[in-house]
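Here is what each chain is made of, one letter per residue.
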Amino acid sequence: MAHTSSLEPTAQRPDGLRGVVADWSSDQRTFKNVSWGKAMIWVFLLSDIFVFGCFLLSYMSARMSTVVPWPNPSEVFALHLFGADIPLILIAIMTFVLISSSGTMALAVTYGYRGDRVMTARLLRLTALIGASFVAMQAFEWSKLIAEGVRPWGNPWGAAQFGATFFMITGFHGTHVTIGVLFLLNIARKVRRGDYDTGRRGFFTSRKGNYESVEIMGLYWHFVDLVWVFIFAFFYLW
Amino acid sequence: MAHVSTDIADGSHASSGIEAAPVQAGHQQPPIKVYLMVWGLLFVLSLFSYLVDYVGLQGGLRWTLILIFMLAKAGLIMAIFMHLAWERLALSLVILLPPIALMVFVAIMASESDYVVWTRETFFSIIK
C-alpha cells in the first residue's frame, strides 16, 4: 500500500497568497498538513455545494419567472399555537435544533482529540439524537403540508412550482441529515468501543482508524448545518 | 500497515507543535469556550433573522438583513466549526473560490428569468 499519509510540517512554509503559490507549485503534495481523509471530505463537500447551489438556483429561476404569485412562506409554514398563528415557528425551532447539534458535534471533535473516549461517544450520540429530532420535525412539516394539499405539481395558494422546489430542496437536505445520523451512530459505536485507541481494523476498509474520523464526521455534519442556513434564508425567509 | 502508526505519530507531532506554529498545526483545536461563544452567536443571529420575518420587514431592508445574517452564520460555521480559520490558504481557497462560479451562474439565470417572465407577461396576456 502506498505510503501517502504522512503530514508535512508547515512551520517553514510561507503564509498567505505566497503560501498558496508555494503549495500549488508542481511536483509536490498540495495540502501540506491535511490528511487524505480530510482533503477528500472537503472535495466531497465542494461537490455538495454545487448540488445544493443548483437546487437553490433552479428555485430562484422558477420563482423569478412565474407570473403567478409565490405562496407566502411566512403563512404557509405558520403553526397554530396557544390560540394564535405564529409565523415560521417550526422552521425557527428546527434551525435552533440543527445549530445545537452542530455545537455538540464541535465539542465531540475536541474531546476526541483529547482522547476522552466516553465523552466523545456521548456527544456523538447526543448529536445523532438532535439530528434525528430535526428529521422528525421535517417529517411532521411534510405531512402537514401534504395534508393541506401541497403537491410537487400544485398547491392551494399560488405558483405551482412551490411544491416541487420545496420537496426537492428540503427532501435532499433531510436525506443528508438522515445519512449523517446513521454515520454519527456508527462513529459513536467505534469511539465507544475504543477502536481508535486499540487500532481495531474497520469492517469495510480493514484499516486502523484514528480520532480524525470524528473530525471528518464533524465536517460533514457542520456542512449539513451550513446548507440549512442558506435554505432558511432563501426558501423560508425570502 | 506501518504507515497508519506514522499517521498517528504525525498527528500528535502536529498538535505538540502548537506552540511553534498554532495556525498551521493539523489538529489545532480552539478552546471549548470559543465553540460555546460561536454556538451562542449562531443562536442570536438565527433569532435576528427569524425576527426579520416576525416583525414583517419588507423590500430591500428585509433582503439585506436576511443576507447579512445568513453570511455571518455561514462564515462562523465555516471558520470556527469547520476549522477553515486554521487551515492553510491553499485548502481554504479550494473550497471558497469555486462557488464564485455559482454566483456567475446566478447572474446568468437571473437575467434569463427576467426575460422569461417578460415573454410570459407579454404573450400570455395576448392569448387571454
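Up top is the structure these notes are about.
Right, let's walk through the structure included here. A quick note: this is a predicted structure, and the numbers were derived from the prediction, not measured.

About the criteria used
- Residues numbered from 1 in each chain as written.
- Chains lettered and ligands numbered in written order.
- Predicted model: local features only at pLDDT ≥ 70, side-chain atom pairs only at ≥ 80, totals over all residues.
- Core = buried A, V, L, I, M, F, W, Y, C linked by C-beta atoms within 7 Å.
- Buried ≥ 20, exposed ≤ 12 C-beta atoms within 10 Å, placed from the backbone.
- Helix = DSSP H or I, 4+ residues; strand = E, 2+ residues; numbered from the N terminus.
- Contact = placed C-beta atoms within 7 Å.
- Nonpolar A, V, L, I, M, F, W, Y, C, P; charged D, E, K, R; others polar.
- Axes fitted to C-alpha atoms, helices over the stretch in contact; angles between N-to-C directions.
- Parallel < 35°, antiparallel > 145°, perpendicular 65-115°, else oblique.
- Expected span 1.5 Å × (residues − 1).
- Left-handed = near helix turned anticlockwise from the far one by under 90°.

1. Considering the nonpolar core
If you look at the biggest cluster of nonpolar residues, it comprises 64 residues, and the most contacted ones within it are A:Ala108, A:Leu124, A:Val227 and A:Phe232. At the level of secondary structure, the elements contributing two or more residues to this core comprise α2 (36-65), α4 (89-113), α5 (117-147), α6 (161-193) and α8 (212-237) of chain A together with α2 (32-55) and α3 (59-81) of chain B. The leading source of residues in this core is α8(A), at 18 residues. With residues up to four places along the chain from it excluded, the contact list for A:Ala108 reads A:Thr120, A:Leu123, A:Leu124, A:Thr127, A:Val214 and A:Gly218.

2. Structural notes on the environment of B:Met78
Here B:Met78 is to be found in helix α3. B:Met78 sits 14 residues away from B:Ser92 along the chain, and the two C-alpha atoms are 9.8 Å apart. With residues near it in sequence (within four places) discarded, B:Met78 still touches A:Leu226 and B:Leu84.

3. Remarks on the interface of chain A and chain B
Each side of the interface is counted separately: chain A has 55 residues, and chain B has 58 residues. For the side of chain A that touches chain B, the elements supplying multiple residues, two or more each, are α1 (16-24), α2, α4 and α8 of chain A. Here the side of chain A that touches chain B is composed, by residue class, of 30 nonpolar, 19 polar and six charged.

4. Description of unusual backbone geometry
Residues and elements named next belong to chain A. Of note, the phi angle at Leu-88 is positive, near 55°, even though the residue is not glycine. Position of Leu-88 among the secondary structure elements: in the loop between β2 (84-86) and α4. The residue Ser-206 is not glycine, and still its phi comes out positive at about 60°. Inspection of the secondary structure assignment puts Ser-206 in the loop between α7 (195-198) and α8.

5. Focus: the packing of α1(A) against helix α4 (residues 89-96) of chain B
α4(B) packs onto α1(A) with a crossing angle of 90° between their chain directions and a minimal axis gap of 8 Å. Considering the angle they form, α1(A) stands roughly perpendicular to α4(B). The residues of α4(B) that touch α1(A), namely those facing A:Gly16, A:Leu17, A:Gly19, A:Val20, A:Asp23 and A:Trp24, are B:Leu89, B:Ala90 and B:Leu93. Its residues assigned to classes, the contact of α1(A) with α4(B) comprises six nonpolar, two polar and one charged.

6. Things to note about α2(B)
Spanning 24 residues, α2(B) covers 34 Å between terminal C-alpha atoms, matching the ideal 34 Å at 1.5 Å per step. Of all the positions in α2(B), only B:Tyr35, B:Val38, B:Leu42, B:Ser49, B:Tyr50, B:Val52 and B:Asp53 are classed as buried. Where α2(B) is buried, its residues meet α3 (73-76), α4 and α8 of chain A together with α3 of chain B. Phi for B:Gly56, located one or two positions after α2(B), is positive at around 85°.

7. Thoughts on the packing of α5(A) against α6(A)
Residues and elements named next belong to chain A. Relative orientation of the contacting elements α5 and α6 amounts to 160°, with a least axis distance of 9 Å. In this view, α5 runs roughly antiparallel relative to α6, as classed from their interaxial angle. Handedness of the crossing formed by α5 with α6: left-handed. Counted together, Arg-117, Thr-120, Ala-121, Leu-124, Arg-125, Thr-127, Ala-128, Gly-131, Ala-132, Phe-134, Val-135 and Gln-138 of α5 and Thr-170, Gly-174, Val-177, Thr-178, Gly-180, Val-181, Leu-184, Leu-185, Ile-187, Ala-188, Val-191 and Arg-192 of α6 form the full contact between these two elements. Along the lines of polarity and charge, the residues of the contact of α5 with α6 split into 13 nonpolar, eight polar and three charged.

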